[in-house]
Amino acid sequence: MYDGTYLVMTSIVLALMLAAGWQGLVTEFHWWYLLLLPLATHAQILCSVFIHNCSHGNFPRPINRLVGELCGIVVLTRYASWEIIHRRHHKYSDDPDQDPHPITPDAAGYWPFVKKTIVNVEVQLQRQFFELHGGDTPENRRFERRRAYTSYATNLVLIACWYVFLGPIGFFVFFVPASLIGFLHLMHFNWSTHNAMKPEEGFFPVNLDRGYFWLGNRIWFGIYYHGYHHKQANLFNPMHYEAYQQARAARKQAKVSPPAAPPA
Ligand SMILES: [Zn+2]
Ligand SMILES: [Zn+2]
């Protein structure tokens, strides 16, 4: 229903743009546009940061889902698939069979991890369906295949919408490079924050805040404090985990021991 609705809506938007003779948002090329590419990439990555926060309900309730859906259109996966996969990641973190993107000794390097994740995400989406709806039956397999093809078709129409909306120049100068870099960044995030750089210690969520990660934490709401994020997912910026815990402990303490009576 979800993918089908998106398929119908994106098809209508595409047809309307074509019927209206829409010329595209960017109609001519200037070399200085390339200077804007880092900004476009930053915006793309922020959409991933925000969709992640939405999947934990970290935006105000009335706008949480809306922000998630809008970001899902930008990052192309759409919100629901993102949420299902990410919740599964929290439930089965680092489980080689159940986590959608575990680092495993046979694919511990960055590129093998990327390759494995691309295949595994679809497998885990299917498995989630089987677990919820009566197991791995021929009927469920048929349903899942239909769901997957609807989802791929929706992706193609959505990409076509972006192409027509931005115009060929906007699409190839901004959207395609920002999406590719954003995707590889997301993979690098999933990989590095589960201790990929120290395989001898094993794979588990860690906090990173040196060098490149220091900068990343300041511009992307503390995303590399991933160890803390796995401890408490409802913080918009997990960099503030310790301050939050201290404030909570202080509040508890204040409740247990009421302030001393003023001296007579
Ligand atoms: Zn994680
Ligand atoms: Zn999370």
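Just above sits the structure.
Residues numbered from 1 in each chain as written. Chains lettered and ligands numbered in written order. Predicted model: local features only at pLDDT ≥ 70, side-chain atom pairs only at ≥ 80, totals over all residues. Heavy atoms only, no water.

A. Broad picture of the pattern of salt bridges. A full pass over the atoms with the stated rule returns 8 salt bridges. Among the salt bridges present, the one from Arg-65 reaches Glu-69, with a minimum N-O distance of 2.8 Å. Of this pair, Arg-65 and Glu-69 both sit in helix α3 (residues 61–74), separated by 4 residues, roughly a single helical turn. Assessed through its relative accessible area of 14%, Glu-69 is described here as buried. A salt bridge links Asp-136 to Arg-141; the nearest nitrogen and oxygen atoms lie 2.7 Å apart. (Salt bridge = Lys/Arg side-chain N within 4 Å of Asp/Glu carboxyl O. Helix = DSSP H or I, 4+ residues; strand = E, 2+ residues; numbered from the N terminus. Buried < 20%, exposed > 50% of the residue type's maximum accessible area, 1.4 Å probe, protein only.)

B. Representation of the coordination of the zinc ion (ligand 1) in the model. Protein coordination of the zinc ion (ligand 1) is provided by His-89 (NE2), His-194 (NE2), His-226 (NE2) and His-230 (NE2), with donor distances spanning 2.0 to 2.1 Å. For the zinc ion (ligand 1), the 4 donor atoms in the first shell make angles of 92 to 150° at the metal, so the coordination geometry reads as irregular. All donors to the zinc ion (ligand 1) come from one chain, and their sequence spacing reads H-x104-H-x31-H-x3-H. Of the two residues, His-226 and His-230 are both situated in helix α8 (residues 226–231); the distance of 4 residues between them amounts to about one turn of the helix. (Donors = N, O, S within 2.8 Å, 3.2 Å for Na, K, Ca; no water. Tetrahedral: all angles 85-135°; square planar, octahedral: opposite > 155°, others 65-115°.)

C. How the structure looks around the packing of helix α1 (residues 2–19) against helix α6 (residues 138–192). Interaxial distance between α1 and α6 falls to 9 Å at its minimum, and their mutual angle equals 25°. Between α1 and α6, the crossing angle belongs to the class labelled roughly parallel. Once α1 is placed against α6, the crossing between them reads as left-handed. Of the residues in α6, those in contact with Asp-3, Gly-4, Tyr-6, Leu-7, Thr-10, Ser-11, Val-13, Leu-14, Met-17 and Leu-18 of α1 are Arg-147, Thr-150, Ser-151, Ala-153, Thr-154, Val-157, Leu-158, Ala-160, Cys-161, Val-164 and Phe-165. Grouping the constituent residues of the contact of α1 with α6 by class yields 13 nonpolar, 6 polar and 2 charged. (Axes fitted to C-alpha atoms, helices over the stretch in contact; angles between N-to-C directions. Parallel < 35°, antiparallel > 145°, perpendicular 65-115°, else oblique. Left-handed = near helix turned anticlockwise from the far one by under 90°. Contact = heavy atoms within 4.5 Å. Nonpolar A, V, L, I, M, F, W, Y, C, P; charged D, E, K, R; others polar.)

D. View of a positive patch on the surface. Together, Arg-248, Arg-251, Lys-252 and Lys-255 make up a positively charged patch on the protein surface. Relative to the elements of secondary structure, Arg-251 occurs in helix α9 (residues 241–256). Among the residues examined, Arg-251 registers a relative accessible area of 53% and is labelled exposed. (Patch = residues over 30% accessible without salt bridge, like charges linked within 9 Å, V, L, I, M, F, W, Y side chains within 5 Å. Areas by Shrake-Rupley, 256 points an atom, 1.4 Å probe, with all protein chains shown as cover. Lys, Arg positive; Asp, Glu negative; His and termini not counted. Charge placed at Lys NZ, Arg CZ, Asp CG, Glu CD.)

E. Representation of the packing of helix α4 (residues 79–91) against helix α5 (residues 110–132) within the structure. One can describe the packing of α4 onto α5 by two numbers: an axis separation of 10 Å at closest approach and a directional angle of 85°. Between α4 and α5, the crossing angle belongs to the class labelled roughly perpendicular. Counting all contacts with α4, which are made through Ser-81, Ile-84, Ile-85 and Arg-88, the residues of α5 involved are Val-121, Gln-124, Leu-125, Arg-127, Gln-128 and Glu-131. Class assignment of the residues belonging to the contact of α4 with α5 gives a composition of 4 nonpolar, 3 polar and 3 charged.

F. Expanded view of the nonpolar core. Among the nonpolar cores identified, the biggest contains 10 residues, and these are Ile-45, Leu-46, Val-49, Phe-189, Val-206, Leu-208, Phe-213, Trp-220, Ile-223 and Tyr-224. Take this core: its biggest share by element is 3 residues, from helix α2 (residues 37–55). Once residues lying within four places of it in the same chain are set aside, the contact partners of Ile-45 are Gly-182, His-185 and Trp-220. One finds Cys-47, Ile-51, Val-75 and Tyr-79 within the second-largest nonpolar core, a separate group that totals 9 residues. (Core = buried A, V, L, I, M, F, W, Y, C linked by side-chain atoms within 4.5 Å.)

G. Just α2, in detail. Its 19 residues place the ends of α2 27 Å apart at the C-alpha level, agreeing with the 27 Å of an ideal helix rising 1.5 Å per residue. Positive phi shows up at Gly-57, right after α2, with a value of about 65°. (Expected span 1.5 Å × (residues − 1).)

H. Seen up close, the coordination of the zinc ion (ligand 2). Summarising the metal site, the zinc ion (ligand 2) is bound by the protein donors His-52 (NE2), His-56 (NE2), His-86 (NE2), His-90 (NE2) and His-229 (NE2), whose distances to it range over 2.0 to 2.2 Å. Spacing between the donor residues of the zinc ion (ligand 2) along their common chain follows H-x3-H-x29-H-x3-H-x138-H. Of the two residues, His-52 sits in helix α2 while His-86 sits in helix α4, which places them 34 residues apart along the sequence. Grouping residues by exposure puts His-52 and His-86 together as buried.

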